[in-house]
Amino acid sequence: QQLLKSVSSRLPEVDVEHVRFTARSLRSQRKRLGLSAADYGKLIGVTGQTIYSWEGESSRPRKAQVARIASLRHLGKREAHACLEQLDRGRKKMK
């Protein structure tokens, strides 16, 4: 959780009340970044299965998760992969 917070602190703040979530936009954003559901989930703090559930419209993210999704909209491929590398490095140090 601490690692996720450090990566999230680099992302812009988002007003959750004015953010719209759609499964289709989530899927296209993940594909645009070239990330698997598992990797995209790491950036948000959920599992890959949760991402698939959101994309399949069998469940919806909470407000805090919608805020993280919205903040990722401003990332490019390189930035997203750099955030993942930072998370992975941090997890290896914790072991």
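These figures come from a predicted structure and were not determined experimentally.

What counts as what
- Per-chain numbering applies: the sequence of each chain, read as written, is numbered from 1 onward.
- Residues qualify for local features only when their pLDDT is at least 70, as the model is predicted, and side-chain atom pairs are given and counted only at 80 or more; totals for whole chains, interfaces and linings, by contrast, use all residues.
- Neither water nor hydrogens contribute to the side-chain values; these are computed over all heavy atoms in the structure.
- What is meant by a nonpolar core is a set of buried Ala, Val, Leu, Ile, Met, Phe, Trp, Tyr and Cys residues, joined one to another through side-chain atoms within 4.5 Å.
- For the exposure calls, accessible area comes from a 1.4 Å probe over protein chains only, and a residue counts as buried if that area is under 20% of its type's maximum, exposed if over 50%, partly exposed in between.
- Here a strand is any run of E in DSSP of at least two residues, a helix any run of H or I of at least four, and the numbering for each starts at the N terminus.
- By definition, residues are in contact when any of their heavy atoms lie within 4.5 Å.
- In predicted models, pLDDT denotes the confidence assigned by the predictor to each residue on a 0 to 100 scale.

Caption draft 1: Summary view of the nonpolar core. Formed by 21 residues in total, the largest nonpolar core has its most connected members in Leu 35, Tyr 40, Leu 43, Ile 44, Ile 51, Trp 54 and Ile 69. Those elements giving two or more residues to this core turn out to be helix 2 (23-33), helix 3 (37-44), helix 4 (48-55), helix 5 (63-72) and helix 6 (77-94). Setting aside residues no more than four positions away along its own chain, Trp 54 makes contact with Phe 21, Ala 23, Leu 26, Ile 44, Val 46, Ser 59, Arg 60, Pro 61, Gln 65 and Ile 69.

Caption draft 2: Seen up close, the confidence of the model for the protein chain. Averaged over all residues, the pLDDT of the protein chain is 85; the fraction at 70 or higher stands at 79%. In the model of the protein chain, helix 1 (residues 2-8) stands out as the element of lowest mean pLDDT, 49, in contrast to helix 4, which has the highest, 98.

Caption draft 3: Fine view of unusual backbone geometry. Even without glycine at this site, Glu 57 takes up a positive phi of about 60 degrees. With respect to the helices, strands and loops of the structure, Glu 57 is situated in the loop between helix 4 and helix 5.

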